[in-house]
Amino acid sequence: MLSEYLLAEMSRLGARDALPLHRQLYEALRRAMLDGKLGAGERLPSSRDLAQDLKLSRNTVVAAINQLSVEGYLASRVGSGTYVNDSVPRTTPGRGARQAGGQPATVQAGRLSARGKALSASFCATELEVQPFTPGIADFSAFPLTLWQRLQNKHWRLTYPDMLDYNDSGGYAPLRRAVADYLRVFRSVQLDADQVVITTGTQQSLELCARLLADHGDTVWVEDPAYWGAVKAFMATGLSLHPVPVDEEGINPRSADNAKPPRLVYVTPSHQYPTGAVMSLPRRHQLLATARAHDAWVLEDDYDSEYRFSGPPISCLEGLDTDGRVLYMGTFSKVLYPGLKIGYLVVPRPLVAAFKQAHYDLNRPGQMPVQAALAEFIEMGHFASALRRARLNYGERRQCLLEALRPVLRDTQEGPYISGAEQGLHLCLRLPQSVDDRALAQRIATQHGLTVRPLSAYCLARKDLRGLVIGYGYAPLAEIKRCGPLVAAAVRQALGGAAA
Ligand SMILES: Cc1ncc(COP(=O)(O)O)c(C=O)c1O
């Protein structure tokens, strides 16, 4: 019987780790799924029945179920209950048995840690990765390769063999200076170069913050819907995710959220990923006040603010921070190319020494030749010219996509309408709740070979959002002209079906 199994697991966990009840139930349910006691597609007893059988409060049961839903183990179907997700990997019977070749039978899922299983079961980037509308991808074919090769060769020649060593703990000093100059002028970040830590991108910046500023099991508030990369970084570092809904003014904590006091708050205030909402000024002040009240750190991911096409320029949240609780991060993936793997993290002064030390100890930073070339690339004005060219190109592509989508827009609250097209490399076509956005995205991929992402796939706890997240950075203008109307036609068809 499921309830007996859960009670036995909970009492074991309670005795061993002194976990709170909702966490014990969460662990016990997760174990039941991974061990196959609860099979893929199986319906969970209702929270009322579980509470009764296990002699727990309904709130405790709901808290455990919500956390498992956020992490992708469970999925709710409207009107019919909560089910075990089909993608939950499980430990097969006979684990450890040897095959003829002498290899363990289940090297994959069965040997993963619980954390590894949760990571592999949740939404990831590779889903439907077919060009040209994949969100968030820049057109790196425009990167000035010859110039870049020349700069790299120069730095190899000048400084070999010193460049083969590990890098300084915060990164190559001239690059830190160049990044600081850029951020001070263009993003109103208050900093000096010493506060910049060069990382291998946003993932590493997030992981460093999670490791240094929070402990295993601490709560991190994440936007709902959320950037999957951040969700995974927090899962991988053992944090407890608490989704906070986003509206047209950005993250909008309700008083109930304060019952889950955060240690970290992760936000994308300049261009919320994926809805594109720009956080309003009152909301920014409110968020900083809430973070102060909880003594939480705010992680500001400013991933695509280089591209602003309409509306007044937006300064970063860090610029409003008066008590040093915002850690600001950015990346070169969107202006240069993602495989460059260089990003930066700006840490408040009192944290600088600890971050540099930990970065050195945990990550052993390297890439000196490429960081030296990038520093010169920025200092000589090549970064600014690449940005100017990219802004022009992406601006045209964005306009072309907007025109292709215009015929399906409706002047009603439920849409279709567009959010987040003022900035960045993607926009969000918001759809009425009656449209199945996952089925629509799948249809667009199979019929036309185009990737658009369903907005609902980015949602953690909420069920009310439907839409398509569409990138316009990658494809040449002619491709957008050709493919934009195909997406519009598929949307029109889905709307017809939904209305029928
Ligand atoms: C919100 C957000 N942050 C960060 C990144 C990626 O940054 P990096 O390539 O430095 O990991 C992305 C990529 O799409 C993103 O959407």
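These numbers come from a predicted model, not from an experiment.

Student: Can you lay out the site of the ligand for me, pointing to particular residues and giving the numbers?
Tutor: Around the ligand sit G201, T202, Q203, Y227, Y266, Y273, D301, Y303, T331, S333 and K334, and those are all the residues in its vicinity. With respect to the ligand, the side chain of S333 contributes an N or O atom lying 2.7 Å from an oxygen atom. Relative to its free-state accessible area of 400 Å², the ligand is covered by the protein chains to the extent of 87%. Class assignment of the residues belonging to the shell around the ligand gives a composition of 4 nonpolar, 5 polar and 2 charged.

Student: Let's hear about the packing of helix α5 (residues 114-121) against helix α9 (residues 228-236): which residues, and what values?
Tutor: For the pair α5 and α9, the least separation of the axes is 10 Å and the interaxial angle reads 170°. One element, α5, and the other, α9, form an angle in the roughly antiparallel class. The residues of α9 that touch α5, namely those facing R115, A118 and L119, are K232, M235 and A236. Tallied by class, the residues present in the contact of α5 with α9 amount to 4 nonpolar, no polar and 2 charged.

Student: Describe the sheet that holds strand β11 (residues 417-419), and please don't skip the residues or the numbers.
Tutor: Strand pairing within a sheet occurs via backbone hydrogen bonds; the two strands may be parallel or antiparallel. Spatially, the 4 strands line up as an open sheet ordered β11-β12-β14-β13, and their pairing is antiparallel. Two strands lie at the open edges of the sheet, namely β11 and β13 (453-454), each paired on one side alone. Of the strands in this sheet, β11, β12 (426-430) and β14 (467-471) are in contact with helix α13 (residues 382-405), which crosses β12 at around 10°. Docked against the sheet, helix α14 (residues 437-448) engages β13 and β14, running at close to 40° with respect to β14.

Student: Describe the sheet that holds strand β4 (residues 219-224), and please don't skip the residues or the numbers.
Tutor: The strand order across the open sheet built from 8 strands is β3-β10-β9-β8-β7-β4-β5-β6, with neighbouring strands paired in mixed fashion. Of all strands in the sheet, those bounded by a partner on one side alone are β3 (196-199) and β6 (250-251).

Student: Could you give an account of the packing of helix α8 (residues 202-213) against helix α11 (residues 352-363), naming the residues involved and the relevant values?
Tutor: At a minimum axis distance of 11 Å, the contact between α8 and α11 shows a crossing angle of 110°. Taken as axis vectors, α8 and α11 run roughly perpendicular relative to one another. At the point where α8 passes α11, the crossing takes the right-handed sense. In this structure, α8 uses Q204, L208, C209, R211, L212 and L213 to contact α11, whose residues at the interface are A354, F355, A358, H359, L362 and N363. Of the residues belonging to the contact of α8 with α11, the class tally is 8 nonpolar, 3 polar and 1 charged.

Student: Got a sec to walk through the nonpolar core? Specific residues and values, please.
Tutor: By size, the foremost hydrophobic cluster in this structure holds 62 residues, and its most contacted members are F234, L327 and F355. By residue number, the principal contributor to this core is helix α2 (residues 21-34), which donates 7 residues. L151, M368, A373 and Y394 belong to the second largest nonpolar core, which has 41 residues in total.

Student: Describe the pairing of β12, listing the residues and the values that go with them.
Tutor: Of all 5 residues making up β12, 5 are buried, and the element is well covered by its neighbours. Of the two faces of β12, the one holding H426, C428 and R430 and the one holding L427 and L429 are both buried throughout. In the sheet, β11 pairs with β12 via 3 bridges, with the strands oriented antiparallel. If you follow Y417 over to β12, its bridge partner there is R430. Connecting the antiparallel pair β11 and β12 is a turn made up of 6 residues, with G420 showing a positive phi of about 75°.

Student: Can you explain α2? Please cite residues and give values.
Tutor: Helix length check: α2, at 14 residues, gives a terminal C-alpha distance of 20 Å against a target of 20 Å (1.5 Å per residue), a fit within 8%. Across the 14 residues that make up α2, a large majority, 10, are buried. Among the residues making up α2, those that are buried are R23, Q24, L25, Y26, A28, L29, R30, A32, M33 and L34. Note on α2: the residue one or two positions beyond its end, G36, has a positive phi of about 85°.

Criteria and cut-off values
- Residues numbered from 1 in each chain as written.
- Predicted model: local features only at pLDDT ≥ 70, side-chain atom pairs only at ≥ 80, totals over all residues.
- Heavy atoms only, no water.
- Near = heavy atom within 4 Å.
- Polar contact = N/O pair within 3.5 Å; in protein donor to acceptor, adjacent residues only side chain to side chain.
- Areas by Shrake-Rupley, 256 points an atom, 1.4 Å probe, with all protein chains shown as cover.
- Nonpolar A, V, L, I, M, F, W, Y, C, P; charged D, E, K, R; others polar.
- Axes fitted to C-alpha atoms, helices over the stretch in contact; angles between N-to-C directions.
- Helix = DSSP H or I, 4+ residues; strand = E, 2+ residues; numbered from the N terminus.
- Parallel < 35°, antiparallel > 145°, perpendicular 65-115°, else oblique.
- Contact = heavy atoms within 4.5 Å.
- Pairing = 2+ DSSP bridges.
- Left-handed = near helix turned anticlockwise from the far one by under 90°.
- Core = buried A, V, L, I, M, F, W, Y, C linked by side-chain atoms within 4.5 Å.
- Buried < 20%, exposed > 50% of the residue type's maximum accessible area, 1.4 Å probe, protein only.
- Expected span 1.5 Å × (residues − 1).

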